[in-house]
Every structure is written in structure tokens, then in C-alpha cells.
Amino acid sequence: MTTPAAPAPAQKVNRLGLPLADYRGGKTTLCAGCGHNAISERILEAMFELGVPSERVAKLSGIGCSSKSTAYFMGRSHAFNTVHGRMPALATGAMLANRTLLALGVSGDGDSMSIGLGQFAHLMRRNLPMVYVIEDNGVYGLTKGQFSATADRGATLKTGVVNDLPAIDVCALAIQLGASFVARSFSGDKRQLSALLKAAISHRGTALLDVISPCVTFNDHEGSTKSYAYMKDHDSPLHELSYVPAQEDIAVEYDPGTTVEVALHDGARLRLHKLEEGYDPREKVAAVARLMETARSGEVLTGLLYLDAKAPSFLDVLGLPEAPLATLPEAAVRPPREALEEIVEGLR
Amino acid sequence: MSGAATAAARPEGHAATSQRVNDFSIQVATPNGSGSQSSNTVLLRALFQMGLPVSGKNLFPSNIAGLPTWYTIRVSRDGWIGRKKEIDLLVAMNPETARDDVLGLPPGAVVVHDAPLPLGALREDLFFYPVPFDRLVEGVTPEPKLRKLLRNMAYVGVLARLLSIEPAEVERAIGKVFGKKARAREVNLAAARAGLEWAGGIEKRDDLAVRRMDGNAGKLIVDGNTAAALGAMFAGVTVVTWYPITPSSSLVESLIGYLRRYRTTPDGRPTFAVVQAEDELAAVGMVVGAGWAGARAMTATSGPGVSLMGEIVGLAYFAEVPAVIYDVQRVGPSTGLPTRTAQGDVLSTAFLSHGDTRHPLLFPGTVEECFAFGGEAFDLAERLQTPVFVMTDLDLGMNNWMAEPFPYPEEPMDRGKVLSKADLERLGGFARYADVDGDGVGWRTLPGTDHPKAGYFARGTGHDERAAYSENPVVWERNMARLARKIDGARALLPAPVLAGDGAAEVGIIAYGSSHHAVVETVAQLRGEAGLAADYLRVRGYPFAAAVAAFVEVHRRVYVVEQNRDAQLLSLLKLDLPAALLPRLRPVSHLHGLPLDARSVTDEILDREKERHP
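Every chain begins its residue count from 1, and numbering advances along the sequence as written. Written order decides the labels, with chains lettered from A and ligands numbered from 1. Whole-chain, interface and lining totals are the exception, using all residues; otherwise, since this is a predicted model, local features are given only for residues with pLDDT of at least 70 and side-chain atom pairs are given and counted only at 80 or more. With hydrogens and water stripped out, all remaining heavy atoms of the structure feed into the side-chain values.

Quick word on the packing of helix α2 (residues 37-49) of chain B against helix α6 (residues 167-178) of chain B
All names here are of chain B. Axis lines are fitted through C-alpha atoms, for helices just across the contact stretch, and the angle between N-to-C directions can take any value from 0 to 180 degrees. In this text, helices come from DSSP runs of H or I with a minimum length of four residues, and strands from runs of E with a minimum of two, each type numbered from the N-terminal end. Close contact between α2 and α6 brings their axes to 8 Å; oriented N to C, the two are set at 130°. By the angle between their directions, the pair α2 and α6 is classed as oblique. In this structure, α2 meets α6 at a crossing whose hand is right-handed. Seen from α2, the contacting residues are S38, T41, V42, R45, A46 and Q49; seen from α6, they are E169, V170, R172, A173, I174, K176, V177 and F178. Within the contact of α2 with α6, the residues separate by chemical class into seven nonpolar, three polar and four charged. Roughly parallel here means an angle under 35 degrees, roughly antiparallel means over 145, roughly perpendicular means 65 to 115, and every remaining angle is called oblique. Each crossing is labelled by how the near helix is turned from the far one, with a counterclockwise turn of less than a right angle marking it left-handed and a clockwise turn marking it right-handed. Any two residues whose heavy atoms approach within 4.5 Å are treated as being in contact. Polar here means any residue outside two lists: the nonpolar Ala, Val, Leu, Ile, Met, Phe, Trp, Tyr, Cys and Pro, and the charged Asp, Glu, Lys and Arg; Gly therefore counts as polar.

Below, the structure written as C-alpha cells:
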């Protein structure tokens, strides 16, 4: 980034003319080094780079360290920090009321895989248009380090307690339940996470991102399978990803033998440079099979695991009009006098 | 073997000299799922069409087929439409319950029963009419399955003849009930005629009869759930979420039907969203999400659902989000008696959720109010930015009531304090939870408002006026005090209590909801039977209007009539009234799960009054 001979560089702005600072939020109260802080950074960068107006975004979260993080980015957006495990229902209601919103849900493994598993399942099944980020660290941080349901069997706590139940694979579950965009990433993989977040924002339907996000205080030790060290050794990316925005119509040379492009709903594309032969993220059964294989071997498969860019979203299924239901004028939502007269006549 | 030949002799002391005209109750006992519902509706409608004040109540089991069901119709020339405790005419079609049903009748009652049931010998003080139902419907259709159903329409014909219901009105009612289904209409007409014809050949020995009168001109017959659904639709509801639960399911099902018919855009898109949620937690969560985003959102449920909703209702109370929740109450605790009626959720709903919470409750007492309180509830929820409960019950919700035609809502909707983009441009910003108007209600913005200062962080955690996280004790206390003030403001906004009487009596009665229909009759019985004058105040909202305390103030003894064990509304009154007034309150509580009847209430009040003046 050297621009010799240039005058003092102007502050970089996005297509709305806004600087990155405009997408920042409150100061984080999470631990230094927490993976969640890195994810917050990636989210606000992605929103900045795509030029998403903060006013359009509704940030929703449940309860836990992850759910607190919505206060630490995009301070101008509306937000609702709800109750434990029930963010999906609140997000569903908000989108029913105003489908022009861009819903961004931030949850944790405890929030979504234990107390909120039912709501998680039904949101995936409905394919509600939203970006759903799970900041997955395998432990309950705010209550000081109990195992969550995504902790791997055999993983240990600092106290020596061993987890003897199998882990719930968030992504395999989401694919099976009907989510139309399912990805896994690592808070430490800046490039991959950025591309996936942007692709998720471009998607119409539920875009689920399970982001392994180490808890530096309670789950970053030897014996943890959600630590920085473990991820460094076991992160197994499916592909290298580049996000190509809809506005950029630049034809870039790529080798069709090693690279594929998938089209996203808003015209953007995600370019997958294949590291793994023969993996096609449009194949549901293969995706689940691959997840189960890697789970057995202890590898953490990351990248875009599954995509169906054309699956109808819940709002399409309901046939809702383009205008938000919340602000339809009275004349549109109170039937005329004659309607009541007709109904009353039928009850005589 | 004709019915006339096998009928028992006239019971002693019950000569049919003085007729009981337009004042009796009918009970039809059938096994659940045997198809008696349309027959009972035809019977009710035929009586209604003759101008008689009627009401119909279905007493059904938590079961799809087989368990006993009773349907009662009351005909009352005086216009009483609460349940009548005594049954005057029994139609015994259910072998399983017939014996007990007959043994429970008062002397002089009439029994129309399936001829094979050996009931005639059970009592000598009743009028028995054994009817060969199988034979009556033999000629109507060759299909055995259909014949079984048509036996029910045959008893309608028999009753029509015995009670002098005009056959033309029975035929009209059949036309109404079966509508465009021509074949169903024809066979049912034939079955009713078979019953009429057969009964024409027997001797009428009892004294029950109806005669055309002008007692219901202009009225409708409708159940409370349908009325509530219409109220919500005309209140402009846009988001409806639910999880099926008796007795509230028919409210939402009825609403879905009306919305589909009357709430689409010119290009055929719905101006509403209905979601059958995965449970009640999700149902209310969606309502709160939608309310936060500015929609008029509602759910309907019953006690078990309300229990599940507690946590999210607390969030909505504290984050100050409008929500409308219909609680069609049934008998708890736990699964309780899911198909029986009660007013058992009053206390727990008023304070639903942990911490200091309090929620406005509306108590519709009639189907007219089930309709009207839809608009009230949505206006109030948005005005106060808080969850509002409409406390109806199974009796009101699922039974058939006469009603005045619902008036079209003339007032524009009150969407509450919402700042638009233009407002924000003018103001330069806002503090979400600041009490700028002195009523405890802050101004809010809706997500999506296109202004850089529009956003705020809604949360269930401690927060200051600008919605920022705060653990400051002073900020916390100030906020909680404001919330208390805000909910207190509902006293003047909720529908005012209704006073019957001149307020000069020594005895007062307070009641609410479906108890109303028994209590108005009780007031008349007290005066007519014991010369006891009583004023009656019907409470329609919580927190209580000032008029409630004023009513207790001017009455020496105040009976609080309700359908629960623990005198729940009375308990709320105790928290609200000055201590000096509390000794005046006396509970009259019923919790048997049957719709409240005037006789029981009257007898209890008279007993208690006698204790005072032996």
C-alpha cells in the first residue's frame, strides 16, 4: 500500500462515502485475545466494504459472551439483545414485520446448540433471510467455563474435567435442517472469514456461519479442540475463497479445472479455488458425509460447505409484499366497513 | 313396537297442565366424534330463528372420538344466557353415560332416548320418550355410516315436534348449516323429517314448549374466539404467531380464514404473516421481534402457553415492546382439564416473569367485547409499549352466544410514540427511555428508519435513558420507578368498569369475564327470591380503574365472584385497595370447570348473608 508522490492520503471511504470508523461500535468488554473480537472486526469490515447502510441492519443476539458482541460493532444499527437461546424467534418476528431489514444474528454454541436448539432448528428449516453467526468456542464463558454441546468428546477443561458426550456438529445439523448457506470458519482466518461473511450478506435465505472462536480464558489450553493451537494444526480449508461483488464485472482468468465460481443471490459471486478435489458445495449429501468424516479424524473442515442460492426464503413462501408489514397504512390493514357488514350478515 | 306404546306413564304430580314455555334447558349426551355437532347447531339456530333468547354450550372431553360429550342449549324468555344448572330435557344418545345422566335430572324433566337403552325404569318422576332412532333413519340412506350420523338429525326432528319448534325453521337452519353441500342438506332434511313424523304419532305428556317471540331481533350467534379474531383483524394485526392449544386454536384458525378473505393487496399479496411456531416460546418471541420492528403482532394461547412465555414477556416488559397475547383460559394447574373453562391465570399473568413486572389485562365479558377489545389491546400495547393480555376463557371463546352486530371501529388506530426520520431531523436525536412527556412512556424508533441517530440498543439488561448498558443503582431504580408509573397509567386507559344498579345497595358484587352472564342473573334472583338488592360492578381491566375502589368504598359487603380456587382477582384487589376496605371483600369462587351458573352463585351469597343475619 505505498502510494509515493501522492498527497496526504484521504480517509478511505466506501461506496456510501462512509469511513470504516462509521461502522464501529462500543468498546469491547470481552477478554483481550477473544476470538469474538476478531469476528466483530470482520463483520464491520465486510459491511463497510460492501457499503451496507448501518440503518438497514438489525443486529440480534441471545445471551452469552458472543451475544454481547453486537454492542461492539456497527453502533448506528438497531439492535436487540434478547434472552438466552431465543434470538431466532425475535429475528423471525422482526423480518416478518420488515422484510427490507438485513438481519444479522450473533449467537454462541451454548445459546444455539443447547438452550436454543429448538429455535435454531426451526429457523434453519424456515430458511429465514438472515446472516446467523455462531461464535463457537465449546464453552460457556460468562458462567466461567462449563462445556457446551459443541465440545468434542474427550476434550478437557483446565480443571481436568473430560467431556464424555459427543459434539453436535452445527453445520451438519444446519444442512440437514434446510439452511441454504452453511459455512464454517475460524476467527483467526481473516481472509476466509471475510469472504464468507460477504457471501453470507449477499445470500437470500439463512446463511449460517459456524466460526470457531477460541476462548482465551477457559478453553485455549492443551486438551481443548477449540484452541488457537488446535485450529492452527487441524484447520482443513476446503478451498481458497474470493468474494467478487456484483458491481465488479471484471473477468479474471482462472483455471476451470481448479477453480469454480458460485453465483449468489444479489449477483455477487464466490470464487472457490479448490484445494480439495471433487468437493461441490451444491451437493447436500456429500457435504454432510465429508463433515462426518473430518469430525472422525479430528480435522476441522472450513469453507463454504453448502449453498443453495435459489432456495425460496421463508418470506417468499409466505408471499409477503415488498413493503414492510409494520408500516402499511391503516387503509391497507383495516378492511372496509362493507367487509364487516358482510361478515356480520353471515353470522345471522 | 311404537314409541308411544313403550312410553312410561305420566309421573305423579307432574300433570302437563301448566306449560313451561320458552324457559328451559336441553342437554344432548353423545359420544365424542359421533357427529352431533351440526345437529346441535341446527337445534340452536332453529330456536334462535323463532326469536328466542338462546345460548349453546359444548361440554367436551380432551379426546377426538369416544369419550362422552354433552351439549346444552338454554332457552330463556327473560334473556338469561348463562348456564342453567338444572337440565329440563335430556337427549340420551350415549349408552355409557345415560344412566348417570338420567339419575342427575331434577323431577319433572323430560328424557328423549335411544329406544334400546333401558332407562324408563330408572325413575318414576320423569317423562321418558324412547325413540327407535335406527329405524327412523333406515329409510333415509342405505349407507350404515351415514345412518349413524343422521340419528342425530332425527332427534332434532323429534324435539321439534315435542317442543313445537316450527319445522320451517328447522329446515332453514339445516340449509344454513350445510350451506352449499346439497346432498348433505337433503339427507339431513330427510332425517329431521323422519323424526318429526315419528313424534307426531306419540302422545305429548310433558309440559315443555316453545312459542315464537321477539327476543333476539338483529342479533347474531357467534363464539368468542371468532369475535376475537375479527376484532384483531379490524385492529390491523399484521403478524400472527401461534402454537396450537385448546381452547385458543379456533381463535387463530378463524383469524386465518378471515385474513385470507379480507386482507390481501390488489395484486393478491397478504397484508399479514401467520406463523405456526415450534412452541409458545417461539410464538411470543416472534411477536416481540415483530413488535420491536413496528408491527401489530399477536399470539393466542392458554395457560400452559402463558407459563412458557414468561421469560420473553419479561423481556418485552423491560425492553418496552408492544405485544398482544390472548389467553383463552382453561382449567389448570398443569395440563389440568384442557377442555373445561376457568379464570385461573389472572394472578400469574398479571405478574408474569421474574423481577418486578406487571402487565395490563383486559377482561372481555361478552362476545361483543371479544371483538371490541382487539382494538383496545393493540392501541394500548403500542401506546404503552408493553405486552397486553386479553383474558378470555373457554366458555366465552368456544361456546355460542347471542351478540349485537359488531360496530365498525370508527377511531383511527393509536400507533403510539414513534419517531420518524423527519422527527429525528428536527430533534437531532432522541433518548429511547427518557420520560419526556411525564407519562413514563418514551419515544421509540423502528428498525430500518433511515437516519443516523435512529438506532438504539434494545436489551433485557440494565440500561440508562439512552439504552446504554448500565449497572448503576440509581439509574436502575429510576428506570423501574418509571416503568411502574407507565403501567399505572393504564388504569385510566383500560375499558372502564361497568356498574349495574344505583350504587345505593348495602351489598356489592364484583365479577369479570364470562362470569358476567351468571352474575346478572344472580342479581335478579337475589332481588326476586330474597328481596336482596345488590349493585354489580363488572371489572374490565387491570390495573384497576379508580372506580373499583370507589365501589368497594360505598358497599358494606362486596362479593367477588370468580372461576378459580384462590380468589385471584380478589387477591389483586387486596394489593390495590386501602387496607380499611379489605375486610369488605368476600370470595365467591367456583372451580369445577363448568361454565358458571347463577343458581350456585345466588345460593352461596344468600347463605353467606344468612350467616350474618340468622
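Alright, that's what it looks like, and here's the rest.
Description of the interface of chain B and chain A
Counting from both sides, the interface comprises 72 residues of chain B and, opposite them, 54 residues of chain A. By definition, the buried area sums, over both parts, the 1.4 Å-probe accessible area that each loses when the two are put together. With both chains or domains summed, chain B and chain A bury close to 5,100 Å², and 65% of this area falls on carbon and sulfur atoms. Ranking the residues of chain B by area buried against chain A places W292, Y408 and F457 of chain B at the top, with a combined share of 13%. A pair is scored as a salt bridge if a Lys or Arg side-chain nitrogen falls within 4 Å of a carboxyl oxygen belonging to Asp or Glu. Linking chain B with chain A are three salt bridges, by the criterion used here. Counting only elements with at least two residues in the side of chain B that touches chain A, the list comes to β9 (220-223), α8 (224-234), α9 (249-262), β11 (273-276), α10 (280-292), α11 (303-319) and β18 (457-459) of chain B.

A few points about helix α18 (residues 516-530) of chain B
Residue and element names in this part refer to chain B. The terminal C-alpha atoms of α18, which comprises 15 residues, lie 20 Å apart, in line with the 21 Å expected from a rise of 1.5 Å per residue. Restricting attention to buried positions, one finds in α18 the residues H516, H517, A518, V519, E521, T522, V523, Q525 and L526. In the segment just after α18, G531 is the residue with positive phi, at about 65°. Multiplying one less than the number of residues by 1.5 Å gives the expected span of a helix. Any residue under 20% of the maximum accessible area for its type is buried, any over 50% is exposed, and the rest in between are partly exposed; the area is computed with a 1.4 Å probe on protein chains only.

Describing helix α20 (residues 568-576) of chain B
Considered for burial, the residues of α20 of chain B that qualify are Q568, L569, L570, L572 and L573 of chain B. For α20 of chain B, the elements touching its buried residues are α12 (346-350), β20 (507-511), β22 (541-542), α19 (546-553), β23 (557-562) and β24 (585-589) of chain B.

Here's the deal with the pairing of β20 of chain B
Residue and element names in this part refer to chain B. When you tally the buried positions in β20, you get five out of five residues, the bulk of the element. Side chains V507, I509 and A511 of β20 all project onto a buried face; the interleaved residues G508 and I510 project onto the opposite face, where all are buried too. Bridge count for β20 against strand β21 (residues 534-538) is five bridges, and the pairing is parallel. Bridge pairing in β21 places G508 opposite D535. This β-α-β element, β20 to α18 to β21, shows right-handed connectivity. When DSSP finds two or more bridges between two strands, those strands count as paired. Bridge count between β20 and β23: four bridges; the pairing is parallel. Pairing of G508 across the sheet is with V558, part of β23. By convention a crossover is right-handed if, when the strands point away from the viewer, the path from the first strand over the helix to the second runs clockwise.

Description of the confidence of the model for chain B
All names here are of chain B. As a per-residue measure, pLDDT tells how confident the predictor is, with possible values from 0 to 100. For chain B, per-residue confidence averages 95 on the pLDDT scale, and 97% of positions sit at 70 or higher. Confidence over residues 1-9 falls short of pLDDT 50; this stretch has 15 contacts with residues more than four positions distant or in other chains. Here the predicted complex scores 0.96 on pTM and 0.96 on ipTM.

A few points about the sheet that holds β20 of chain B
All names here are of chain B. Taken in spatial order, the five strands make up an open sheet running β19-β21-β20-β23-β24, and their pairing is mixed. At either margin of the open sheet sits one strand with a lone partner, and together these are β19 (498-500) and β24. With direction set aside, neighbouring strand axes in the sheet form an average angle of 20°. Contacts from helix α21 (residues 598-612) reach β20, β23 and β24 within the one sheet, and its direction differs from that of β24 by about 145°.

Describing the pattern of salt bridges
Summed over the entire model, instances satisfying the criterion amount to 60 salt bridges over all chains. Between R282 of chain A and D280 of chain A there is a salt bridge, and its shortest N-O distance comes to 3.1 Å. Exposure remark for R282 of chain A: the relative accessible area of 45% places this residue in the partly exposed category. Looking at D280 of chain A, the relative accessible area reads 26%, which means it is partly exposed. Across the pair E529 of chain B and R599 of chain B runs a salt bridge whose closest N-O atoms are separated by 2.7 Å.

A few points about the sheet that holds strand β10 (residues 239-244) of chain A
All names here are of chain A. Taking strand neighbours across the sheet as the criterion, the three strands line up as β10-β12-β11 in an open arrangement whose pairing is antiparallel. The strands lining the two open edges of the sheet, one partner per strand, are β10 and β11 (259-263). Taking each pair of neighbouring strands and ignoring which way they run, the sheet shows an average axis angle of 20°. As judged from the six bridges shared by β10 and strand β12 (residues 269-274), these two strands associate in the antiparallel manner. When the sheet's bridge partners are listed, Y243 is paired in β12 with L270. Strand contacts of helix α7 (residues 190-202): β10 and β12, with the helix running at about 50° to β10, the strand carrying the most contacts.

Brief notes about the nonpolar core
Side-chain atoms within 4.5 Å link the members of a nonpolar core, which is a set of buried Ala, Val, Leu, Ile, Met, Phe, Trp, Tyr and Cys residues. Ranked by internal contacts, the top residues of the largest apolar core, which has 107 residues, are I26, V112, I165, M298, Y326 and F406 of chain B. The leading source of residues in this core is helix α5 (residues 144-163) of chain B, at 11 residues. Ignoring any residue separated from it by four or fewer positions in sequence, one finds I165 of chain B in contact with L43, A46, L47, M50, L159, A160, V170 and V210 of chain B. Counting residues in hydrophobic clusters, the runner-up holds 106 residues, among them M124 and F314 of chain A together with V239 and F551 of chain B.

Re the packing of aromatic side chains
Working definition: a ring pair exists when centres of Phe, Tyr or Trp rings (six-membered ring for Trp) sit within 6.5 Å. Plane angles under 30 degrees give stacked, over 60 give edge-to-face, the rest tilted. Considering all chains together, one arrives at 13 aromatic pairs over all chains under this definition. An aromatic cluster is built from F234, F371, F406 and Y408 of chain B, whose rings are joined through pairwise contacts. When the ring centre of F73 of chain A is taken as origin, the NZ or CZ atom of K59 of chain A, which lies over that ring, is 5.3 Å away. Only when the NZ atom of a Lys or the CZ atom of an Arg is both within 6 Å of the ring centre and within 35 degrees of the ring normal do we say a charge sits over the ring. The cationic tip of R126 of chain A hangs over the ring face of F314 of chain A; the distance from NZ or CZ to the ring centre is 5.8 Å.

What to know about the pairing of β23 of chain B
Residue and element names in this part refer to chain B. Of all six residues in β23, six are buried, a share of seventy percent or more. Where burial is concerned, the two faces of β23 agree: the one with R557, Y559 and V561 and the one with V558, V560 and E562 are both buried. By the bridge criterion, five bridges tie β23 to β24 in an arrangement that is parallel. Paired with V560 across the bridge in β24 is P587. For the handedness criterion, the β-α-β arrangement of β23, α20 and β24 is classed as right-handed.

Re the side chain of S67 of chain A
Residue and element names in this part refer to chain A. Of note, S67 is situated in helix α2 (residues 65-68). Among the residues examined, S67 registers a relative accessible area of 0% and is labelled buried. Sequence-distant contacts of S67, defined by excluding residues within four places in its chain, comprise S61, G62, N81, V106, S107 and D111.

Quick word on the packing of α5 of chain B against helix α7 (residues 182-200) of chain B
All names here are of chain B. Relative orientation of the contacting elements α5 and α7 amounts to 50°, with a least axis distance of 7 Å. One finds that α5 runs oblique with respect to α7. Classified by chirality, the crossing of α7 by α5 is right-handed. Side by side, α5 and α7 meet where L146, L150, M153, A154, G157, V158, A160 and R161 of the first sit next to R183, V187, N188, A191, A192, G195, L196, W198, A199 and G200 of the second. The class makeup of the residues in the contact of α5 with α7 is 12 nonpolar, four polar and two charged.

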